[in-house]
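# Structure assessment
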Amino acid sequence: MMTLSQIWMTFLLSNILPSDHNFDLTLPKCQLVYNIMEQFSVQVAQLILDAIHQFVGTEPPRHLVDQEKSNKALGFPALITGLCQFYGVPVTPTKHIRPPINRSFIEKYCMPR
């Protein structure tokens, strides 16, 4: 993958369409990156709405050992944390939120090796 497409894919999988694992490069996600890189119109708000609706509407998979626990990842952690902070809710994250996609992140994860 070209560096620019890796950056866009990382951004999409981290912020727009988060999932339990970021190596899930389905054809629709690849087509979305293509549309963005070719500067086609993309309805980002609708993508986020659809992803939240799908996330909330699915039954969480159960933990293999302890069936009382859920294996479901927290959906949109940065969005939820940011909204809580904006509205004055005290936030002490217990899970590490991914680092920002900046120059050092791109050099570490998106540049050809």
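Residues numbered from 1 in each chain as written. Predicted model: local features only at pLDDT ≥ 70, side-chain atom pairs only at ≥ 80, totals over all residues. Heavy atoms only, no water.

## Observations regarding the overall build of the protein
Stated precisely, the cut-off is as follows: A helix here means a DSSP run of H or I that spans at least four residues, while a strand means a run of E at least two residues long, and both kinds are numbered starting from the N terminus. Exposure categories follow from relative accessible area, calculated using a 1.4 Å probe and restricted to protein chains: below 20% of the type maximum is buried, above 50% is exposed, and the middle band is partly exposed. What makes two residues a contact is simply this: any of their non-hydrogen atoms within 4.5 Å. Each accessible area is a Shrake-Rupley result for a 1.4 Å probe, and residues are judged covered by the shown protein chains and nothing else.
Scanning the protein from terminus to terminus reveals 5 helices and 0 strands. N-terminal to C-terminal, the α/β element order of the protein is α-α-α-α-α. Counting over 113 residues, the protein shows a buried share of 18%. Here the contacts in the protein between residues at least 6 apart in sequence split such that 48% fall between residues at least 24 apart. When the accessible surface of the protein is summed, it comes to about 8,800 Å², and 61% of that surface belongs to carbon and sulfur atoms.

## Examining helix α2 (residues 27-37)
What counts is decided by this rule: Working definition: the arc comes from the directions between the helix axis and the C-beta atoms, pointing outward to the latter.
Those residues of α2 that fall on the buried side of the exposure criterion are K29, L32, V33 and I36. Looking straight down α2, one finds that the buried residues subtend no more than 100 degrees of arc, so they occupy a single side. Exposed side chains of α2 directed beyond 90 degrees from the buried face belong to L27 and P28. Contacts made by the buried residues of α2 are with α1 (3-16) and α3 (44-57). Following α2 by one or two positions, Q39 adopts a phi angle in the positive range, close to 65 degrees.

## Description of the packing of aromatic side chains
How we decide: Centre distance within 6.5 Å is the pairing criterion for rings of Phe, Tyr and Trp, where only the six-membered ring of Trp is used; planes under 30 degrees apart are then read as stacked, over 60 as edge-to-face, and the remainder as tilted.
As enumerated under the stated definition, the model contains 3 aromatic pairs in all. Their ring planes at 85 degrees and their centres at 6.0 Å tell us that W8 and F11 sit as a pair that is edge-to-face. With W8 and F11 both in helix α1 and 3 residues apart, this pair spans about one turn of that helix. Judged by relative accessible area, W8 falls into the partly exposed class, the value being 31%. Overall, F11 belongs to the partly exposed group, its relative accessible area being 33%. Both rings, one in Y34 and one in F40, keep their centres 6.3 Å apart while their planes meet at 50 degrees; by these two values the pair is tilted.

## So, the nonpolar core
Quick note on the threshold: For our purposes a nonpolar core is just a set of buried Ala, Val, Leu, Ile, Met, Phe, Trp, Tyr and Cys residues, chained together by side-chain atoms within 4.5 Å.
Of all hydrophobic cores here, the largest spans 10 residues; its members are M9, L12, L13, I16, L17, L32, V33, I36, A51 and F76. Those elements giving two or more residues to this core turn out to be α1 and α2. No other element matches the 4 residues that α1 contributes to this core.

## A few points about a nonpolar patch on the surface
We apply this condition: Nonpolar side chains (Val, Leu, Ile, Met, Phe, Trp, Tyr) are joined into patches within 5 Å and like charges within 9 Å, using only residues with over 30% relative accessible area and no salt bridge. A pairing counts as a salt bridge when a side-chain nitrogen of Lys or Arg comes within 4 Å of a carboxyl oxygen of Asp or Glu.
A grouping of I52, V56, L79, L83, F86, Y87 and V89 is seen on the molecular surface, where their side chains present a nonpolar patch of about 740 Å² in accessible area. Elements supplying a minimum of two residues to the nonpolar patch: α3 and α4 (77-86). Ranked by residues supplied to the nonpolar patch, first place goes to α4 with 3 residues. By the element assignment, F86 lies in helix α4. With a relative accessible area of 64%, F86 lands in the exposed category.

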